[in-house]
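A look at the structure
Chain by chain, the residues run as shown.
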Amino acid sequence: MSLIRNYRKYLITLFVVYLTLAPTPIVDTGLMRFFPTLTFVIILFCGICSFKTAKAAQLGTIVSVFFIYIVLCAIFHPSIEGNKLMTLLKSSYWCCVYFITYAIFSKKNIGCRSFDKKVMITTILLALSFNYSHASRLMNFDLIGDNAVFYPLLMIPWIACISNTTKRWIMIVIVSLCAITALKRSGIIIMSISVILLYYSDFFRRKCLHPKSLFAAILVIAGIFTVYQYKAESIYDISKRFEMIKADGGNGRDMIYEDVINRYRSEDLIQQVIGKGFDSVKGKDTTIALSAHNDFLEVLYDFGAIGFFLYVLMHFSLIKWTVLLFRKRSQLAFPMLVSYVCFVVMSMVSHLILYPTYFGLLVSFWAFAECKDRKLQY
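Remember, it's a predicted structure, so these values are computed and weren't measured experimentally. (Residues numbered from 1 in each chain as written. Predicted model: local features only at pLDDT ≥ 70, side-chain atom pairs only at ≥ 80, totals over all residues. Heavy atoms only, no water.)

**Focus on the overall build of the chain**
Broken down by element type, the chain carries 18 helices and zero strands. Buried positions account for 54% of the 378 residues belonging to the chain. Here the analysis covers contacts within the chain between residues at least 6 apart in sequence; of these, 76% occur between residues at least 24 apart. Entry remark: accessible area of the chain is about 18,200 Å², with carbon and sulfur atoms responsible for 66%. (Helix = DSSP H or I, 4+ residues; strand = E, 2+ residues; numbered from the N terminus. Buried < 20%, exposed > 50% of the residue type's maximum accessible area, 1.4 Å probe, protein only. Contact = heavy atoms within 4.5 Å. Areas by Shrake-Rupley, 256 points an atom, 1.4 Å probe, with all protein chains shown as cover.)

**Some words on the confidence of the model for the chain**
Within the chain, residue pLDDT values average 81, and 80% of them lie at 70 or more. When pLDDT is averaged over each helix and strand of the chain, the minimum, 50, is found for helix H13 (residues 232-243) and the maximum, 95, for helix H9 (residues 156-159). (pLDDT = per-residue confidence, 0-100.)

**Brief notes about the packing of aromatic side chains**
What the rule picks out here adds up to 30 aromatic pairs. Ring centres of Tyr-98 and Phe-99 lie 6.4 Å apart, and the angle between their planes is 75°; on these two criteria the pair is classed as edge-to-face. Residue Tyr-98 shares its accessibility class with Phe-99, and that shared class is buried. An aromatic cluster is defined as three or more aromatic residues linked by ring pairs; in this entry it consists of Phe-66, Tyr-69, Trp-94, Phe-296, Phe-303, Phe-308, Tyr-311, Tyr-340, Phe-343, Phe-359 and Trp-366. (Phe/Tyr/Trp six-rings, centres within 6.5 Å; stacked < 30°, edge-to-face > 60°.)

**Focus on a nonpolar patch on the surface**
On the surface, a cluster of nonpolar side chains totalling about 470 Å² of accessible area is made up of Leu-3, Tyr-7, Tyr-10 and Phe-45. By secondary structure assignment, the location of Tyr-10 is in helix H2 (residues 8-21). Taking the relative accessible area as the measure of exposure, Tyr-10 reaches 60% and is therefore exposed. (Patch = residues over 30% accessible without salt bridge, like charges linked within 9 Å, V, L, I, M, F, W, Y side chains within 5 Å. Salt bridge = Lys/Arg side-chain N within 4 Å of Asp/Glu carboxyl O.)

**A look at the pattern of salt bridges**
As enumerated under the stated definition, the model contains four salt bridges in all. The salt bridge involving Lys-276 is made with Glu-267; its shortest N-O contact spans 3.8 Å. Given a relative accessible area of 32%, Lys-276 falls into the partly exposed group. In this structure, the salt-bridge partner of Asp-373 is Lys-328, at a minimum N-O distance of 3.2 Å. Of this pair, Asp-373 sits in helix H18 (residues 356-377) while Lys-328 sits in the loop between helix H16 (295-327) and helix H17 (333-349), and the two are 45 residues apart along the sequence. Residue Asp-373 is classed as buried on the basis of its relative accessible area of 7%. Lys-328 gets classed as partly exposed once you look at its relative accessible area, which sits at 38%.

**Focus: the nonpolar core**
With 109 residues, the main nonpolar core has Trp-94, Met-314, Phe-343, Phe-359 and Trp-366 as its most contacted residues. Element by element, the count of residues in this core is highest for helix H6 (residues 93-105), at twelve residues. In this structure, Ile-256, Val-260, Ala-292 and Leu-297 belong to the second largest nonpolar core, which totals eight residues. (Core = buried A, V, L, I, M, F, W, Y, C linked by side-chain atoms within 4.5 Å.)

**Remarks on the side chain of Thr-181**
Among the structural elements, Thr-181 can be located in helix H10 (residues 165-182). Within polar-contact distance, the side chain of Thr-181 engages the backbone oxygen of Leu-177 at 2.8 Å. (Polar contact = N/O pair within 3.5 Å; in protein donor to acceptor, adjacent residues only side chain to side chain.)

**Comments concerning the packing of helix H3 (residues 35-54) against H6**
In the contact formed by H3 and H6, the axes pass within 7 Å of each other and the chain directions differ by 55°. The angle between H3 and H6 falls in the class oblique. Taken as a pair, H3 and H6 cross one another with a handedness that is left-handed. For the pair H3 and H6, contact is made by Phe-40, Ile-43, Leu-44, Cys-46, Gly-47, Ser-50, Phe-51, Thr-53 and Ala-54 and by Tyr-93, Cys-96, Val-97, Phe-99, Ile-100, Tyr-102 and Ala-103, respectively. Within the contact of H3 with H6, the residues separate by chemical class into 13 nonpolar, three polar and no charged. (Axes fitted to C-alpha atoms, helices over the stretch in contact; angles between N-to-C directions. Parallel < 35°, antiparallel > 145°, perpendicular 65-115°, else oblique. Left-handed = near helix turned anticlockwise from the far one by under 90°. Nonpolar A, V, L, I, M, F, W, Y, C, P; charged D, E, K, R; others polar.)

**Describing the side chain of Thr-20**
Position of Thr-20 relative to the elements: it lies in helix H2. Note on Thr-20: relative accessible area 14%, which makes it buried. For Thr-20, the contacting residues outside a window of four places in its chain are Leu-125, Leu-126 and Ser-129.

**Remarks on the packing of H3 against helix H4 (residues 60-76)**
At a minimum axis separation of 11 Å, H3 and H4 run at an interaxial angle of 135°. By the criterion of interaxial angle, the relationship of H3 to H4 is oblique. H3 and H4 meet at a crossing whose hand is left-handed. Contacts from Leu-44, Ile-48, Phe-51 and Ala-54 of H3 reach H4 at Gly-60, Ser-64, Phe-67 and Ile-68. A per-class count over the contact of H3 with H4 returns six nonpolar, two polar and no charged.

**Considering the environment of Lys-55**
Mapped onto the elements of the fold, Lys-55 is located in the loop between H3 and H4. Residue class for Lys-55 comes out partly exposed when judged on its relative accessible area of 42%. Among residues more than four places away in sequence, those in contact with Lys-55 are Gly-60, Thr-61 and Ser-64.

So this is what it looks like as structure tokens:
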């Protein structure tokens, strides 16, 4: 534990640097090809070191049991590539990030200015990384959504905790621009709901008549209008993508869901209970899906009924905790609600489990939020 806390700055820096480089082609060139694997190894080692401490966390028991089950699955059911080590590193990454974050923040007090600064720097880095990778792909011309937007987008719960209202909304505008540029329907849904929730929290809940709040609210509206004007063409493309949902079934998701469900039903009872292994939806046989595009189905197929039960339990635990925060009128209530919005929307129409870097941003926030909530209570 002392090792994790002594080197926390290096671990946080490694985490942010990896997230910044992950969507770019930089990690595919030269010696940088080994950087992701090295990062996974370090995170796994530090996660194991933090395992005992993190079991006491809000989600600690569930994540710990899930981690042990994932390790067993990686040993007995490696992914389609067949490499047990890489299966273990990728599938357990988000669990280890949760353990490490809880270990770092459980004994550390963070000043508001220091926290605001770090969150803003990280958000700007991820936004720049997204725009760089997006420009190199030129995906807008084909009306195809860019998944790299989820790196800055999943910073929204962290941004919601920034103490300064002006700084918070500047960051929200930056992420909104990324979401509009990416043309991801799920990203737009997450961004829209988050903006509405945070706008209500900042300008209407208990302080709607305060002159400063009204002035800030007007500035935010002006900022949103400016974004709309600046990104008018992208917004038009987004509306076209939403209109296409009925015709394309959400990029064929209706057919994919049916295919995954039918394949799961065709498995024997043992496979239905323990699953086929991480990232096994795409399978060795030719299928219409490279993933289930729904984490509930992905977890059910990959980790079986056992993994599905743990995954659903995690949802229920987060809902219960969020409700409790609202009852206590905690300042973390809306950030937690926003984090769950991110979680449930992506779980329903996309996937977090297969992209542990995305999920790492969310689970690290949950671990941080619990540590923060405990300090607020004291």
